Amino acid sequence: EADALYLLSSIRGKDLFQGRVERAAATVVDLMEAHPSCKPPLEIMLQVLPALSPRYYSIASSPFVQPSRVRVAFTVVDWTAEGGKAKRGLCTHWLKSLCQTLSQDPDELLDQPPVRVPVCLNPTKDFKLPQDPGTPIVMVGPGTGVAPFVGFIQHRVTIAEELEEEKKAMSHRCDGTWRGMPLVLEDERVEERDVGSMWLFFGCRAEEQDFLYRSELKALADRQAMTLTTAFSRSGPSKVYVQDRMKQRGGEVAKWLLQDKAIFYVCGDGARMAKDVRKAVAELLNEHGGAAL
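Model, not experiment: these values are computed from the prediction.

Engineer: Explanation requested: the overall build of the protein in the structure shown.
Structural biologist: For the protein, the helix and strand inventory stands at twelve helices and eight strands. In terms of C-alpha radius of gyration, the protein reaches 26 Å, well past the compact-globule figure of 19 Å for 293 residues. For the protein, the spread of C-alpha atoms along the principal axes amounts to about 95 × 55 × 35 Å. Relative to its 293 residues, the protein shows a buried fraction of 29%.

Put into structure tokens, the structure is as follows:
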């Protein structure tokens, strides 16, 4: 067993390591169970084992709307590793266990004992709203990738509502002059500006099962505060994904990007979905780009 472990951790055992450890998602416990004669002292184990890596989740709320609360979205991860052994996400299952002890009624949460979750912030440099709130934005966020865009939308809707309230308040002021003095000072004038249009492409397997923030997003779309386009890959005779919806409305997307100068965001599965979305954008710009300019 010692020779087997030496081989597994050597350069010669690279292929063996990939099969038995990486693809099998084997843990230290799995390896020790497979090699029962390996019994390192606990203090040695604690010295050499690395700390758990932090899990980063996008904030799905705006401080304008929820100044003392942060929302996050996560998918509880379960899968079968190579070799047939069932595996599950460590952090997501822990968070799920915490949620199951809490009431689903927000008013009752205040009366329950607090649940403490260690948190660290990882500020982003580039993935943020444009400085000018009038800039249009196109957002592609299937699954939990929608989380940051819910915060984006909340933020902009709040800005739009505040601008509207400002305009209403100033509309009741008298204009003109009084004894040679202007009744509305320059710094009191409301700027003639609006919040830019927002278009969200959201996708999931089934609308009734995993449409995150469904009621909130649909309500905003019904108010015409944003445009919402959905793709449910398991709800019809054929699989439909966000990139398919984008190509179906390729002329409009091209106009937003080229003529309206919209900022394009994508969040989610970087291994597959993001590549497919990038390809779809290239194709629709190639097909409709000339007409949009």
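We are not done yet, so read on.
Engineer: Would you mind going over a negative patch on the surface with me for this structure?
Structural biologist: On the surface, D105, D107, E108 and D111 cluster together to form a negatively charged patch. Relative to the assigned elements, D111 resides in the loop between α6 (106-109) and β3 (137-140).

Engineer: When you look at the packing of aromatic side chains in this model, what are you seeing that I'm missing?
Structural biologist: The way to describe two aromatic rings as a pair is by their centre distance and the angle between their planes. Applying the stated criterion across every chain, the model contains eleven aromatic pairs. Note on F127 and F149: the rings are 5.8 Å apart at their centroids and 40° apart in plane angle, and the pair reads as tilted. Taken as a pair, F127 in the loop between α6 and β3 and F149 in helix α7 (residues 147-171) lie far apart in primary sequence, 22 residues in all. Taken together, the ring pairs in this structure connect F127, F149, F152 and Y265 into an aromatic cluster.

Engineer: What's the story with the pairing of β3 in this structure? I'm lost.
Structural biologist: Here β3 shows a buried face lined by I137 and M139 and a second buried face lined by V138 and V140. As defined by bridge partners, β3 adjoins strand β6 (residues 198-204) across four bridges and the pair is classed as parallel. Residue V140 lies in a different strand from β6, and its bridge partner there is F201. Across four bridges, β3 lies against strand β8 (residues 263-266) in parallel orientation. Residue pairing in the sheet places I137 in a bridge with I263 of β8.

Engineer: Just to check I follow, could you spell out the pattern of salt bridges for this structure?
Structural biologist: Close approach of charged atoms allows side chains with opposite charge to pair. As enumerated under the stated definition, the model contains twelve salt bridges in all. Note that E207 is salt-bridged to R214, the shortest N-O span being 3.5 Å. Relative accessible area serves as the criterion here: at 28%, R214 is assigned to the partly exposed category. Through salt bridges with shared partners, a single network forms among E207, E208, R214 and K218.

Engineer: Explain the environment of H155 here, please?
Structural biologist: Residue placement: H155 occurs in helix α7. Along the sequence, H155 and S62 sit 93 residues apart, while their C-alpha atoms lie 5.3 Å from each other. Non-local contacts of H155, meaning those with residues more than four positions away in its chain, are made with S62, P63, F64 and L129.

Engineer: What is the right way to read the sheet that holds β3 from this model?
Structural biologist: Strand order in the open sheet formed by four strands is β7-β6-β3-β8, with parallel pairing between adjacent strands. The two strands at the open ends of the sheet, each matched to only one other strand, are β7 (227-232) and β8. Looking at each pair of strands side by side, their axes are set apart by 10° on average, direction ignored. Each of β3, β6 and β8 is contacted by helix α11 (residues 250-259), which is oriented at about 135° to β6, the strand it contacts most.

Engineer: Whenever I open this one, the confidence of the model for the protein confuses me. Can you help?
Structural biologist: In regions of low pLDDT, the predicted coordinates are not meant to be interpreted in detail. Across the protein, the average pLDDT comes to 87, with 90% of residues at or above 70. No element of the protein has a lower mean pLDDT than strand β4 (residues 177-178), at 54, and none a higher one than β3, at 97.

Engineer: Please explain the nonpolar core as it appears in this structure.
Structural biologist: Where a protein is soluble and globular, its nonpolar side chains tend to be buried together. Core analysis: the biggest nonpolar cluster contains 23 residues, and M139, I153, L200 and L217 have the highest contact counts within it. Within the residue set of this core, elements represented by two or more residues are β3, α7, β6 and α9 (214-222). With six residues, the single largest contributor to this core is α7. If near-sequence neighbours (up to four positions away) are discounted, L200 is found in contact with M139, G141, V146, F149, I153, L217, M226, T227, L228 and T229. Core analysis: the second largest hydrophobic core is formed by 15 residues, V140, F201, V253 and W256 among them.

Engineer: I keep staring at the pairing of β6 and nothing clicks. Help me out?
Structural biologist: Within a regular strand, the side chains alternate between the two sheet faces. Of all seven residues in β6, seven are buried; the element is thus mostly enclosed. Burial of β6 is two-sided: the residues M198, L200, F202 and C204 facing one way and the residues W199, F201 and G203 facing the other way are all buried. Sheet topology places β6 next to β7; six bridges connect them, and they run parallel. By the bridge assignment, L200 is partnered in β7 with L228.

Analysis parameters
Residues numbered from 1 in each chain as written. Predicted model: local features only at pLDDT ≥ 70, side-chain atom pairs only at ≥ 80, totals over all residues. Heavy atoms only, no water. Helix = DSSP H or I, 4+ residues; strand = E, 2+ residues; numbered from the N terminus. Rg over C-alpha atoms; globule rule 2.2 N^0.38 Å. Buried < 20%, exposed > 50% of the residue type's maximum accessible area, 1.4 Å probe, protein only. Patch = residues over 30% accessible without salt bridge, like charges linked within 9 Å, V, L, I, M, F, W, Y side chains within 5 Å. Areas by Shrake-Rupley, 256 points an atom, 1.4 Å probe, with all protein chains shown as cover. Salt bridge = Lys/Arg side-chain N within 4 Å of Asp/Glu carboxyl O. Lys, Arg positive; Asp, Glu negative; His and termini not counted. Charge placed at Lys NZ, Arg CZ, Asp CG, Glu CD. Phe/Tyr/Trp six-rings, centres within 6.5 Å; stacked < 30°, edge-to-face > 60°. Pairing = 2+ DSSP bridges. Contact = heavy atoms within 4.5 Å. Axes fitted to C-alpha atoms, helices over the stretch in contact; angles between N-to-C directions. pLDDT = per-residue confidence, 0-100. Core = buried A, V, L, I, M, F, W, Y, C linked by side-chain atoms within 4.5 Å.

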